[in-house]
Amino acid sequence: MYQVFTFPQFPEERIFLSYFTNVASDNLEHIKSQLISANKEYDYCFLNTNHLVSLEHLRSGIYRAISNYSNSSMKAKTLNTEIIFNLSPVNNIMDSIKRFGVDSNCSNVIVIKVLKAGEPEDESFKNISELFTGEVESKELTDNVLFSLVDMPRFKKVYKLNDAAIQGDGTQGVWTRLAVSACQLRGL
Amino acid sequence: MTDHIVAQAQKILPNIPLSVVSQGAEALVFQTGTHPYCSEESLIHLSNASTFIIKYRPPKPYRHPKIDKQITKSRTIAEAKFMSKLSKLSIPSPDLISIDSINGVIWMGYKGKPLANGEISSLKNWLWWLEKQDDSASLCVSDVVEKVFLNIGALIAKLHLNEMIHGDLTSSNILLEENHDGVFEAVLIDFGLSSYSGLPEDKAVDLYVLERAVLSTHSVHSEIYNEWLLKGYNDMHLSKEFKSKQGSKKLVETIKRLEDVRLRGRKRSMLG
């Protein structure tokens, strides 16, 4: 299962997004090592779900990455890393990969790829599925899924929101707003 | 002139329908129905998921291009940061959606709801609308209006207690939004002149600017309006939340300074 969407300002860039659960930790370790050695077969953006509070939050990072890409003002070497970097509130690429990238302790993985013109999406999905071993499940990524998986204490720590004046536990909307502004203003 | 700037904005924001809401000396404000990255309304965590605001600072031809770029960038960033700081403090203000500092574009959430006559629900338009509704003028000084002014006073106090200065407080830079209980809540907008300062001087000038704005745009009842504003401002300083944080001391300093400012005007020196 996967989805493909575009942003109105950048109709050329089609964003492919899929979501897998139940990924084994040795599988994730393997993916990580392949990413580090820049294996072409692993040319995707892998994210864990620990610090993502909503789809709007996730998309705001992708949007900023693509907008930097089209302005030629990317800080990271690849668009995949740029997406990870733009989800982070901290101005350090290694740090953002550690927090938002593949995490062997998180069995839920989001895989994103910005497709080139004419690149078939079903083939990407097939290729990605082959990177996972064992009983992985491909599911639909929704707002509810993300909000149920987010690790709230860690999320708040990463986005430095422990001192925010929030009434009660805060809703998904409240946390989304704070996370989006933190991502959008990173490094500025 | 505006057409030219709108064309520039459209070039930076392709495929985004733009309609001009207001124009200032430094920026143009547009309204649009397209979200930059969430096409599905169900994904958008904003109070209004179908209308969005874009503030665009066009390049100024009379400035040196390099300096112009720097100024546009730093002002755009400063404004967006101020907004995000307010939302962290739970002070009602527009929500940040995205910022493109190089092009001078800020996307933010739409606040308020059009009035019965179709105008933007700013404090100014609302009070003018009330004035038109009723000749005896009792509407203009009703409990509802009093509550709104007390609320605004409290809001400005909260801002000042966090050492933040709005810089351009006028009745058109305060929007009214109806909450779930039907009560009007004030939302501050336009942080183009905002700054950070703990000085009583800056806070007093901030209050003075609003006082003068109320006096000139709503002259009939300006006295009572300003009284309510200051009451709301007072009450917030003396509230439980801020009393322990030197609220009353800061209040005395600012009010004392306000009296000086009233005598001399907004500018500290008579030169320049």
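Residues numbered from 1 in each chain as written. Chains lettered and ligands numbered in written order. Predicted model: local features only at pLDDT ≥ 70, side-chain atom pairs only at ≥ 80, totals over all residues. Heavy atoms only, no water.

Remarks on the layout of surface pockets
Using a probe with the size of a water molecule, rolled over the atoms, empty space left in the structure can be pinpointed. Formally: Detection works on a 1 Å grid of protein atoms alone, calling trapped sets that fit a 1.4 Å probe cavities and calling open sets with protein on both sides within 12 Å along at least five of seven lines pockets, with lining residues defined by an atom within 4 Å of a point. Grid points are joined across faces, edges and corners, and a volume is the space filled by probe spheres set on the points. Working definition: helices are DSSP H or I runs of at least four residues, strands are E runs of at least two. Numbering for both runs from the N terminus. When residues are sorted by character, Ala, Val, Leu, Ile, Met, Phe, Trp, Tyr, Cys and Pro go into the nonpolar class, Asp, Glu, Lys and Arg into the charged class, and all the rest, Gly among them, into the polar class. Note that domain bounds follow an automatic or database assignment of domains.
What the largest pocket holds in volume is close to 1,300 Å³. Taken together, 33 residues line the largest pocket, and the ones lying closest to its centre are A:Val174, B:Ser90, B:Pro92, B:Lys111 and B:Glu185. When contributions to the lining of the largest pocket are tallied by element, the ones reaching two or more residues are helix 8 (172-184) of chain A together with helix 4 (143-161), strand 7 (174-178), strand 8 (184-188) and helix 7 (240-243) of chain B. Here the lining of the largest pocket gets four residues from one element, more than from any other, and that element is helix 8 of chain A. Residues belonging to the lining of the largest pocket are distributed by class as follows: 11 nonpolar, 12 polar and 10 charged. A domain split of the lining of the largest pocket shows at least three residues from each of domain 1 (2-109) and domain 2 (123-264) of chain B.

Overview of helix 4 of chain B
Condition: Multiplying 1.5 Å by the helix residue count minus one yields the expected span of that helix.
The end-to-end C-alpha distance of helix 4 of chain B is 27 Å, a good match for the 27 Å that 19 residues give at a rise of 1.5 Å each. Positive backbone phi, at 60°, marks B:Glu163, one or two positions downstream of helix 4 of chain B.

Comments concerning the domain arrangement of chain B
All names here are of chain B. Spelled out, the test is: It only takes one pair of heavy atoms within 4.5 Å for two residues to be counted as in contact. Buried area is understood as the total, over both parts, of accessible area removed when two parts are fitted together, assessed with a 1.4 Å probe.
Under the domain assignment, chain B is made up of domain 1 (2-109) and domain 2 (123-264). Taking only C-alpha atoms, the centre of domain 1 and the centre of domain 2 are 26 Å apart. Contact with domain 1, which involves 15 residues of that partner, is made by 18 residues of domain 2. When the two sides are added together, the surface that domain 1 and domain 2 hide from each other amounts to roughly 1,300 Å², 70% of it contributed by carbon and sulfur.

Structural notes on the environment of B:Val209
Residue and element names in this part refer to chain B. Topologically, Val-209 is positioned in helix 5 (residues 200-217). Spatially, the C-alpha atom of Val-209 lies 7.3 Å from that of Thr-170, the residues being 39 residues apart in sequence. Dropping the residues within four chain positions of it, Val-209 is found in contact with Leu-169 and Arg-266.

Quick notes on the pattern of salt bridges
Residues and elements named next belong to chain B. We apply this condition: Within this document, salt bridges are pairs made up of a side-chain nitrogen of Lys or Arg and a carboxyl oxygen of Asp or Glu, the two lying within 4 Å of each other. Burial classification: accessible surface area is computed with a 1.4 Å probe over protein chains only, and a residue below 20% of its type maximum counts as buried, one above 50% as exposed, and the rest as partly exposed.
Overall, the coordinates contain 23 salt bridges over all chains when judged by the stated rule. For Lys-203, the salt bridge identified is with Glu-163, shortest N-O distance 3.1 Å. Here Lys-203 is found in helix 5, whereas its partner Glu-163 is found in the loop between helix 4 and strand 6 (164-165), with 40 residues between them in sequence. A relative accessible area of 3% places Lys-203 in the buried class. By relative accessible area, which is 28% here, Glu-163 ends up partly exposed. Each of Glu-26, Lys-55, Arg-57, Arg-75, Glu-79 and Asp-190 takes part in salt bridges that share partners, so that together they form one network.

What to know about the interface of chain B and chain A
In this complex, chain B contributes 34 residues to the contact, which on the side of chain A involves 28 residues. Taken together, the links from chain B to chain A amount to two salt bridges. Of the charged contacts, one joins B:Lys88 and A:Asp163 as a salt bridge, the two residues approaching to 3.9 Å between their closest N and O atoms. Counting only elements with at least two residues in the side of chain B that touches chain A, the list comes to helix 2 (65-88) and strand 4 (96-100) of chain B. A class-by-class count of the residues in the side of chain B that touches chain A yields 17 nonpolar, 12 polar and five charged.

Thoughts on the sheet that holds strand 3 (residues 52-56) of chain B
Residues and elements named next belong to chain B. Counted only if it meets this: Note on pairing: DSSP must find at least two bridges between two strands before they are called paired. Think of each axis as a best-fit line through the C-alpha atoms, taken over the contacting stretch in the case of a helix, with angles from 0 to 180 degrees between the N-to-C directions.
Taken in spatial order, the five strands line up as 1-2-3-5-4 in an open sheet, and their pairing is antiparallel. Looking at strand neighbours, the two that pair on one side only are strand 1 (19-23) and strand 4, the edges of this open sheet. Taken over all neighbouring pairs, the strand axes of this sheet differ in orientation by 20° on average, direction set aside. Bridge count between strand 1 and strand 2 (residues 28-32): four bridges; the pairing is antiparallel. By the bridge assignment, Val-20 is partnered in strand 2 with Phe-30. Against the sheet, helix 1 (residues 2-12) engages strand 1, strand 2, strand 3 and strand 5 (105-109), with an angle of about 55° to strand 2.

Points about the side chain of B:Ser121
Residues and elements named next belong to chain B. Definition in use: Pairs of N or O atoms within 3.5 Å make up the polar contacts considered here, provided that, within protein, one atom can donate a hydrogen while the other can accept it, and that residues adjacent in sequence are counted only when both atoms are side-chain atoms.
Along the chain, Ser-121 turns up in the loop between strand 5 and helix 3 (123-133). From its side chain, Ser-121 meets the backbone nitrogen of Lys-113 in a polar contact 3.2 Å long. Once you skip the residues sitting within four places of it in the chain, Ser-121 turns out to touch Gly-112, Lys-113, Leu-115, Ile-174, Leu-175 and Leu-176.

Focus on the environment of A:Phe46
Residues and elements named next belong to chain A. Within the secondary structure layout, Phe-46 lies in strand 3 (residues 45-48). Along the backbone, Phe-46 and Val-109 are 63 residues apart, and their C-alpha atoms lie at a distance of 6.6 Å. If sequence neighbours within four positions are ignored, Phe-46 has contacts with Ile-31, Leu-35, Ile-84, Phe-100, Gly-101, Val-102, Val-109, Ile-110, Val-111, Leu-131 and Phe-132.

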